[in-house]
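Architecture at a glance
So you can see what is in the structure, the chains are spelled out below.
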Amino acid sequence: MTADPTRDPGAGADRDEEPVGLETAPEVRAEALLLERAIGGWRGVIDSGVPTAVFVVAYVVTGSQLRPSLIAALVAGALIALWRLVRRESLLQIGAGFVGLAISAWFSARTDNASNVYLPGMLTNLGYGSAFLLSILVRWPLIGVAMGVLTGEGTSWRHDPALRRAYAAASWIWVALFYSRLIVQTPMYLAGWVEVQGIVKIVMGYPLFLAAAYFTYRVLAPILAQKREERARREPS
């Protein structure tokens, strides 16, 4: 990101954000959020992966006993949440993950089917993937909607063909993410491969999410930088 050499360094000094060249503060926050998800967020790997790993290990150790395995996974999730609370870290990720885990555990116990512990997550992937796909088809890609909210520009991006194409391309990344999980895991679910699906779920979980966020950032960064330069050229010196 290149600073504008014609800009007065003292301009906007009373603002909370430091001068950032041609970028507006909302744009900085939006791109920083994407980059944070791409290169950081390893706490999310632990928060989402450990309970699943504990469930799989317990399921194998107990000789495919469902209830002890579910209890072990719930205890693991609760301990992680407690650890985050003691360290005064955000509970957003683990909180959402724990709620999902509790729903999966309840459904699996209710149906007495270990494979059903994965079904709520699979349905969630189907919902998210379909939502992203539909948004592209109706020319309201969800990445564009999200960026409009984050940058405060609303829906003005829809009047820019280049931005629409970039946001659609970035949205396709998330269609691929959610549907690939579903395509890979559905045969395992139908076959009852509880242990194998658990391992695959971990691998295709948060690590794949981080990869999708990184590629989203790589797709959007050039066009957003180009738009900033165009806006700067239109502004009076």
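Residues numbered from 1 in each chain as written. Predicted model: local features only at pLDDT ≥ 70, side-chain atom pairs only at ≥ 80, totals over all residues. Heavy atoms only, no water.

Some thoughts on the overall build of the protein chain
Cut-off, in case you're wondering: Each helix is a run of DSSP H or I of at least 4 residues and each strand a run of E of at least 2, with the numbering of both proceeding from the N terminus. Working definition: with a 1.4 Å probe on protein chains only, accessible area under 20% of the residue-type maximum means buried, over 50% means exposed, and in between means partly exposed. In this analysis, two residues are considered to be in contact whenever any of their non-hydrogen atoms come within 4.5 Å of each other. Shrake-Rupley sampling with a 1.4 Å probe provides the accessible areas, and residues are treated as covered by the protein chains on show and by no other component.
From N to C terminus, the protein chain includes 9 helices and 0 strands. Put simply, the protein chain has 237 residues, and 36% of those count as buried. Restricting the contact set of the protein chain to residue pairs at least 6 apart, pairs at least 24 apart contribute 68%. As displayed, the protein chain offers around 13600 Å² of accessible surface, 66% of which is attributable to carbon and sulfur atoms.

Details of a nonpolar patch on the surface
Operational definition: Each patch groups residues whose relative accessible area exceeds 30% and which form no salt bridge, using 9 Å between like charges and 5 Å between nonpolar side chains of Val, Leu, Ile, Met, Phe, Trp and Tyr. By definition, a salt bridge exists where a carboxyl oxygen of Asp or Glu is found within 4 Å of a side-chain nitrogen of Lys or Arg.
On the surface, a cluster of nonpolar side chains totalling about 640 Å² of accessible area is made up of L134, L137, V138, W140, L142, V145 and V149. Within the residue set of the nonpolar patch, elements represented by two or more residues are helix 5 (119-137) and helix 6 (142-151). Of the residues forming the nonpolar patch, the biggest block, 3 residues, is contributed by helix 6. Secondary-structure assignment places L137 in helix 5. The class for L137 is exposed, based on a relative accessible area of 61%.

Brief notes about unusual backbone geometry
Unusually for a residue other than glycine, S64 sits at a positive phi of about 65°. Here S64 is to be found in the loop between helix 2 (42-61) and helix 3 (66-86). Phi angles above zero are rare outside glycine, and D112 is one such case at about 55°. With respect to the secondary-structure elements, D112 resides in the loop between helix 4 (92-111) and helix 5.

Some details on helix 6
Given 3.6 residues to a turn, an α-helix orients residues that are three or four positions apart in the same direction. Note the threshold: The arc in question is traced by the directions running from the helix axis to the C-beta atoms.
Here helix 6 has its buried residues at I143, G144, M147, G148 and T151. All buried residues of helix 6 lie within an arc of 135° about the axis, which places them on one face of the element. Following helix 6 by one or two positions, G152 has its phi on the positive side, about 80°.

Observations concerning the nonpolar core
Heads up, the condition is: We call a set of buried Ala, Val, Leu, Ile, Met, Phe, Trp, Tyr and Cys residues a nonpolar core when their side-chain atoms join them within 4.5 Å.
Counting 19 residues, the largest nonpolar core has I143, Y167, W174, L220 and L224 as the members making the most contacts within it. Listing elements by their share of this core, those giving two or more residues are helix 5, helix 6, helix 7 (161-191) and helix 9 (206-234). Here the element with the most residues in this core is helix 7; it accounts for 9 residues.

Overview of the side chain of S115
Relative to the elements of secondary structure, S115 occurs in the loop between helix 4 and helix 5. The class of S115 is buried, set by a relative accessible area of 5%. Residues within four places of S115 in sequence aside, it is in contact with Y189, G192 and V194.

Details of the confidence of the model for the protein chain
Note: predicted coordinates in regions of low pLDDT should not be interpreted at a detailed level. Definition in use: Each residue carries a pLDDT score, the predictor's confidence in it, ranging from 0 to 100.
Mean pLDDT over the protein chain works out to 80, with 76% of the residues at or above the 70 mark. Low pLDDT, under 50, characterises residues 1-23; the predicted model gives this stretch 24 contacts beyond four residues in sequence or across chains.

Some thoughts on the packing of helix 7 against helix 8 (residues 194-203)
Quick note on the threshold: Lines fitted to C-alpha atoms define the axes, with helix axes restricted to the stretch in contact, and inter-axis angles between N-to-C directions lie between 0 and 180 degrees. Here roughly perpendicular refers to angles of 65 to 115 degrees, roughly parallel to angles under 35, roughly antiparallel to angles over 145, and oblique to all remaining angles. For any helix crossing, the convention is left-handed if the near helix is rotated counterclockwise from the far helix by under a right angle, and right-handed if that rotation is clockwise.
Where helix 7 meets helix 8, the closest approach of the two axes is 9 Å, and the angle between their N-to-C directions is 160°. Considering their axes alone, helix 7 and helix 8 lie roughly antiparallel with respect to each other. The way helix 7 lies across helix 8 gives a crossing that is left-handed. Here V184, Q185, M188 and Y189 of helix 7 lie close against helix 8, whose contacting residues are V196, Q197, V200 and K201.

Considering the packing of helix 7 against helix 9
Packing of helix 7 against helix 9 brings their axes to within 10 Å, and their N-to-C directions diverge by 175°. When the interaxial angle is binned, helix 7 and helix 9 end up roughly antiparallel. Across the interface between the two elements, A162, L163, A166, Y167, A169, A170, I173, W174, L177, S180 and R181 from helix 7 touch L208, F209, A212, A213, F215, T216, V219, L220, I223, L224 and K227 from helix 9.

A short note on the side chain of S104
Worth spelling out the cut-off: Counting of polar contacts relies on pairs of N or O atoms within 3.5 Å, with two restrictions inside protein: one atom must be capable of donating a hydrogen and the other of accepting it, and residues adjacent in sequence are counted only when both atoms are side-chain atoms.
Topologically, S104 is positioned in helix 4. Residue class for S104 comes out buried when judged on its relative accessible area of 8%. Reaching out from S104, the side chain makes a polar contact with the backbone oxygen of V117 at a distance of 3.3 Å.

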